[in-house]
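Residues per chain, in single letters:
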Amino acid sequence: MINEKYRGVYVWDKRKSKKAGNHAYKNDDEIIKIEGGMPRIIEDDLFFKCQNIKASKIKPRRHSSHEYILTGKINCGKCGHSYCGSSAYRNKNNNMIYNYCCMNRKNKKGCNNKAINADKLEYAVIEAIRDTFQNDDAIKLIAEKIAII
Ligand SMILES: [Zn+2]
């Protein structure tokens, strides 16, 4: 779908969810569209012609239902680039396995750090956060900061 802004249609709030990483769109009849709601930059004829060309070239994209909560929040220990949700596959038990991977490795830019299982990494990070916030010093510090606000 080519952005309808180009033909002056104001489109409001078409995402299903505001969560980061969720790019699913609402059904077309649920999306608020205002024809002429903003200045157009191309004519309808050209817009629909482009849209048809684009639609004929689009390959269906596999959407992962897994939300990689740490994407962009963790960095590679070897090169410092960000680790992002990267690969998913089915194991021999037919369960989906999700991984985070260094983007420098994924883009073949010289890093060889290995992919990390998403479930294990997310669990480890959640446990570390829990540990951090469950000691008395941290609780006292948080309580003080909240009290100041
Ligand atoms: Zn790396």
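Our structure's up above, just so we're on the same page.
K.L.:
Requested: an account of the sheet that holds strand 5 (residues 96–102), with residues and values cited.
P.N.:
The strand order across the open sheet formed by four strands is 3-4-5-6, and the pairing between neighbours is antiparallel. Since the sheet does not close on itself, it has two edges, and those belong to strand 3 (74–75) and strand 6 (116–117), each with one partner. As paired elements, strand 5 and strand 6 share two bridges and run antiparallel to each other. Opposite Tyr-100, over in strand 6, you have Ile-116 as the bridge partner.

K.L.:
Which residues make up the nonpolar core, and what values do they have?
P.N.:
The biggest cluster of nonpolar side chains holds eleven residues, and these are Tyr-68, Leu-70, Ile-74, Cys-76, Tyr-83, Tyr-98, Tyr-100, Cys-102, Cys-111, Ala-118 and Leu-121. Elements that contribute at least two residues to this core include exactly strand 5 and helix 3 (118–134). Among the elements that line this core, the one with the most residues is strand 5, at three residues.

K.L.:
Which residues make up the pattern of salt bridges, and what are the values?
P.N.:
If the charged atoms of two oppositely charged side chains come close together, the side chains can form a pair. Taken as a whole, this structure holds two salt bridges when the rule is applied. Note that Arg-130 is salt-bridged to Glu-127, the shortest N-O span being 2.9 Å. Placement of the pair is Arg-130 and Glu-127 together in helix 3, with a separation of three residues, close to one helical turn.

K.L.:
Just give me the short version of the coordination of the zinc ion, but keep the residues and values in it.
P.N.:
For the zinc ion, every protein donor is listed as Cys-76 (SG), Cys-79 (SG), Cys-102 (SG) and Cys-111 (SG), and the spread of their distances is 2.2 to 2.4 Å. Spacing between the donor residues of the zinc ion along their common chain follows C-x2-C-x22-C-x8-C. Residue Cys-79 is found in the loop between strand 3 and strand 4 (82–90), and its partner Cys-111 is found in the loop between helix 2 (103–106) and strand 6; the two are separated by 32 residues along the sequence. Assessed through its relative accessible area of 35%, Cys-79 is described here as partly exposed.

K.L.:
Quick one: what's the story with the packing of aromatic side chains, residue by residue and with numbers?
P.N.:
Using the criterion set out here, one finds two aromatic pairs in the structure. Consider the rings of Tyr-68 and Tyr-98, whose centres lie 6.0 Å apart with planes at 80°: the pair is edge-to-face. Separated by 30 residues along the polypeptide, Tyr-68 in the loop between helix 1 (44–57) and strand 3 and Tyr-98 in strand 5 bring together distant segments of the chain. Assigned by exposure class, Tyr-68 and Tyr-98 land together as buried. Between Tyr-68 and Tyr-100 the ring centres are 5.3 Å apart and the planes differ by 80°, which places this aromatic pair in the edge-to-face class. A residue pair is termed long-range when its members are at least 10 positions apart, and Tyr-68 in the loop between helix 1 and strand 3 and Tyr-100 in strand 5 qualify at 32 residues. No difference in accessibility class separates Tyr-68 from Tyr-100, as the two residues are buried. Through successive ring pairs, a cluster of aromatic residues spans Tyr-68, Tyr-98 and Tyr-100.

Quick notes on the rules
Residues numbered from 1 in each chain as written. Predicted model: local features only at pLDDT ≥ 70, side-chain atom pairs only at ≥ 80, totals over all residues. Heavy atoms only, no water. Pairing = 2+ DSSP bridges. Helix = DSSP H or I, 4+ residues; strand = E, 2+ residues; numbered from the N terminus. Core = buried A, V, L, I, M, F, W, Y, C linked by side-chain atoms within 4.5 Å. Buried < 20%, exposed > 50% of the residue type's maximum accessible area, 1.4 Å probe, protein only. Salt bridge = Lys/Arg side-chain N within 4 Å of Asp/Glu carboxyl O. Donors = N, O, S within 2.8 Å, 3.2 Å for Na, K, Ca; no water. Phe/Tyr/Trp six-rings, centres within 6.5 Å; stacked < 30°, edge-to-face > 60°.

Limitation: the analysis is restricted to geometry and does not speak to function.
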